[in-house]
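Examining the three-dimensional arrangement
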Amino acid sequence: MQRKEDCIFCQIVAGEAPASCVYEDEHTVAFADRYPASPGHILVIPKEHYRDITTLPDHLAGRVMQTTVRVARAVDEALEPEGINLVQSNREAARQSVMHFHMHIIPRYLHWQDDDDISIGWRALDAQREELNRCVREVICQIK
Ligand SMILES: [Zn+2]
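The numbers attached to residues start from 1 for each chain and follow its sequence in the written order. In view of the model being predicted, local features appear only for residues whose pLDDT reaches at least 70, and side-chain atom pairs are presented and counted only at 80 or more, with totals across whole chains, interfaces and linings using the full set of residues. The side-chain values count all of the structure's non-hydrogen atoms but skip hydrogen atoms and water molecules.

Considering the coordination of the zinc ion
What counts is decided by this rule: Each metal site lists N, O and S donors within 2.8 Å (3.2 Å for Na, K and Ca). With water left out of the atoms, a site can look as if it is missing ligands. Labels for metal geometry use angle windows, namely 85 to 135 degrees for all angles of a four-donor tetrahedral site, and for square planar (four donors) or octahedral (six donors) sites opposite donors over 155 degrees apart plus all others within 65 to 115; sites meeting none of these are irregular. Each helix is a run of DSSP H or I of at least 4 residues and each strand a run of E of at least 2, with the numbering of both proceeding from the N terminus. Only protein chains enter the accessibility calculation, which uses a 1.4 Å probe; a residue whose area is less than 20% of its type maximum is buried, one above 50% is exposed, and one in between is partly exposed.
Protein coordination of the zinc ion is provided by C7 (SG), C10 (SG), H49 (ND1) and H100 (ND1), with donor distances spanning 2.0 to 2.3 Å. Its four donor atoms give the zinc ion angles of 107 to 116° at the centre, a pattern that matches the tetrahedral case. Of note, the donors binding the zinc ion are all from one chain and are spaced C-x2-C-x38-H-x50-H. Highlighted residues: C10 in helix α1 (residues 8-13) and H100 in the loop between β4 (83-87) and β5 (103-108), separated in sequence by 90 residues. On the accessibility criterion, C10 (3% relative accessible area) is buried.

Given below as structure tokens:
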């Protein structure tokens, strides 16, 4: 298992850092994003450390996408969003703070008139989003 000692996502995989996990299988894990500006986000990661999408081996790319689809389906059923963004960014210039490949699953609603930067522009104190975060933590356990 490829691991980077100071990587928070590797620590989550090892059970050494807390996370609200919603799905786990042999190769991947999905958990609620704890970044305060990212309410409602779920992150999907491979259990092994890969810096970004350019280093991800093919067999794990397929596994990550399969998990992303399963979790997105559960988000759709549980939260009934009007849209879902799947976002993936790479390295510092793409404004990533954790250099462990990850997919964002982001439920979206038409009445949220956000700025265009969905990754960092959300108002963290929006009550509906706090509710959405709570739902993500508590509801999404029935992933098929
Ligand atoms: Zn890592």
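Here's the deal with the pattern of salt bridges
Keep this limit in mind: Salt bridge, as used here, is a side-chain nitrogen of Lys or Arg placed within 4 Å of a carboxyl oxygen of Asp or Glu.
Inspection of every chain in the model, using the stated rule, returns six salt bridges. One salt bridge connects R3 with E16, and the closest N-O pair in it is separated by 2.7 Å. Of this pair, R3 sits in the segment before α1 while E16 sits in the loop between α1 and β1 (21-24); the two residues are 13 residues apart in sequence, bridging distant segments of the chain. The exposure class of E16 is exposed, given its relative accessible area of 53%. For K4, the salt bridge is made with D6, and the minimal N-O distance between the two is 2.7 Å. What makes K4 partly exposed here is its relative accessible area of 38%. Through salt bridges that share partners, R3, E5 and E16 make up one connected network.

Topic: empty space enclosed by the protein
Heads up, the condition is: Throughout, the protein atoms alone are placed on a 1 Å grid, and a set of points is a cavity if a 1.4 Å probe fits but cannot get out or a pocket if it is open with protein on both sides within 12 Å along at least five of seven lines; lining residues have an atom within 4 Å of a point. Grid points are joined across faces, edges and corners, and a volume is the space filled by probe spheres set on the points. Residue polarity is assigned by list, with Asp, Glu, Lys and Arg as charged and Ala, Val, Leu, Ile, Met, Phe, Trp, Tyr, Cys and Pro as nonpolar; anything else, Gly included, falls into the polar class.
Tallied over the full model, the rule gives one cavity of 30 Å³ or more. Estimates place the volume of the largest cavity at around 40 Å³. Every residue lining the largest cavity is listed: R51, D52, Q88, S89, N90, R91, Q96, V98, M99, H100, F101 and H102. Split by residue class, the lining of the largest cavity holds three nonpolar, six polar and three charged.

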